[in-house]
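Notes for the structure review
Take a look at the letters that make up each chain.
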Amino acid sequence: MKPILFSTLLPLVLALPGPQTQPAEGKLPWKKGSVCLALTEDCMGTIGWCNLEAQRKKEFGARENCLAQRERRPADAPKLPWMKGTGYDCAYALTPEERCYGTALFCREGLYPQGQYTDEKECLSDREDAPADAKKKQDLPGEKPKAKKPFLQPAPDSDTSCMTFDRGSERCVGTKYYCTNDIMKFPYTDEDGSVYNSAAECLGAREPEPQSADSDRIVFPDN
């Protein structure tokens, strides 16, 4: 009887599915996509589906949130595309978007949804390599080096406005005294909101002091 029972159960045992990897807690599985035309995640794959979700919802960060709700991309699944970033009004989005900031900045600054990646390396590993013409380092949109301010000479004595409330301004006292006088206490907030921690920083934010027109003039002594 025992051999008969074993031979009867063997096909059933072999037909059972093997152990399956359980999805991360609360995460949906990542879909690679297949050859079919239906507008479903199974057909389109997770990348295409999340792009479609972003177009349908028209909400800031819809694509990023959709991707973050899935498990990490399997090693044999297509990678996310590299995005150069538009840099247009990125700060107005309530949720950072990769298409705006660009992949390099998005991963480097950890702008992805919390818990999606542990570091920049993980984020970049899910994406295609940067194209040859992409910048090695992207800067935050709008963060451009400030143009240097002009180096001002002291106002002439005939300027009566410097005898009243404006007398301590750079326009009146000139750049050199403005940045180096003993009254200045650092850190100092400039008239335009710039903060300087030293006289050198204050002078460094200005153009070089212009040379006097008469500095090279040779004066011969009287006979």
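Above this text is the structure in question.
Residues numbered from 1 in each chain as written. Predicted model: local features only at pLDDT ≥ 70, side-chain atom pairs only at ≥ 80, totals over all residues. Heavy atoms only, no water.

**What to know about the nonpolar core**
- The biggest cluster of nonpolar side chains holds 12 residues, and these are W30, I47, C50, C66, L67, A77, L80, F106, C107, Y112, Y117 and C123.
- If you list the elements that add at least two residues to this core, you get α2 (41-57), α3 (62-68) and α5 (103-108).
- Counting contributing residues, this core receives three or more from each of domain 1 (28-74) and domain 2 (79-139).
- Among the nonpolar cores identified, the runner-up in size contains 5 residues, and V173, Y178, C179 and Y196 belong to it. (Core = buried A, V, L, I, M, F, W, Y, C linked by side-chain atoms within 4.5 Å. Buried < 20%, exposed > 50% of the residue type's maximum accessible area, 1.4 Å probe, protein only. Helix = DSSP H or I, 4+ residues; strand = E, 2+ residues; numbered from the N terminus. Domains from an automatic or database assignment.)

**Here we look at empty space enclosed by the protein**
- Taken as a whole and assessed by the stated rule, the structure comprises 1 cavity of 30 Å³ or more.
- Computed from the structure, the largest cavity encloses a volume of approximately 30 Å³.
- Counting residues per element, the lining of the largest cavity draws most heavily on α3, which supplies 3 residues.
- Counting contributing residues per domain, the lining of the largest cavity is built from domain 1 (28-74) and domain 2 (79-139), each supplying no fewer than three. (1 Å grid on protein atoms, 1.4 Å probe; cavity = no way out; pocket = protein on both sides within 12 Å on 5 of 7 lines; lining within 4 Å. Points joined across faces, edges and corners; volume = space filled by probe spheres on them.)

**Notes on the environment of A68**
- Relative to the helices and strands, A68 is located in helix α3.
- Sequence-distant contacts of A68, that is, excluding residues within four places in its chain, are made with K27, P113 and Q116. (Contact = heavy atoms within 4.5 Å.)

**Considerations on the packing of aromatic side chains**
- With the rule as written, the count across this model stands at 2 aromatic pairs.
- Pairing F106 with Y112 gives two aromatic rings, centres 6.3 Å apart and planes at 70°, and the pair type is edge-to-face. The same class applies to F106 and to Y112, which are both buried.
- Geometrically, the ring pair formed by Y112 and Y117 is edge-to-face, given 5.1 Å between the ring centres and 85° between the ring planes.
- Exposure remark for Y117: the relative accessible area of 7% places this residue in the buried category.
- An aromatic cluster is defined as three or more aromatic residues linked by ring pairs; in this entry it consists of F106, Y112 and Y117. (Phe/Tyr/Trp six-rings, centres within 6.5 Å; stacked < 30°, edge-to-face > 60°.)

**Things to note about the state of the cysteines**
- Taken as a whole and assessed by the stated rule, the structure comprises 4 disulfides.
- Paired through a disulfide, C107 and C123 show a sulfur-sulfur distance of 2.0 Å. What sets the handedness of the C107 and C123 disulfide is the S-S torsion sign, and at about -60° it is left-handed. With C107 in helix α5 and C123 in helix α6 (residues 120-125), the pair connects residues that are 16 residues apart, well separated along the chain.
- In this model, C179 is linked to C202 through a disulfide, with the two sulfur atoms separated by 2.0 Å. Taking the sign of the S-S torsion, -60° for the link of C179 and C202, the bridge is left-handed. Taken together, the positions of C179 in helix α8 (residues 175-180) and C202 in helix α9 (residues 199-204) put the pair 23 residues apart, joining distant regions of the chain. Both residues of the pair, C179 and C202, count as buried. (Disulfide = S-S within 2.5 Å.)

**Examining the pattern of salt bridges**
- Inspection of the entire model under this criterion finds 14 salt bridges.
- Residue R56 is joined to E53 by a salt bridge in which the shortest nitrogen-to-oxygen separation is 2.5 Å. A residue pair is termed a helical-turn pair when its members lie 3 or 4 positions apart in one helix, as R56 and E53 do in helix α2 at 3 residues.
- Overall, E53 belongs to the buried group, its relative accessible area being 12%.
- Of the charged contacts in the structure, one is a salt bridge between R206 and E170, with a shortest N-O distance of 2.8 Å. Residue R206 is found in the segment after α9, and its partner E170 is found in helix α7 (residues 170-173); the two are separated by 36 residues along the sequence.
- Judged by relative accessible area, R206 falls into the buried class, the value being 1%.
- In the salt-bridge network here, residues are joined through shared partners; they are R63, E64, E98 and R127. (Salt bridge = Lys/Arg side-chain N within 4 Å of Asp/Glu carboxyl O.)

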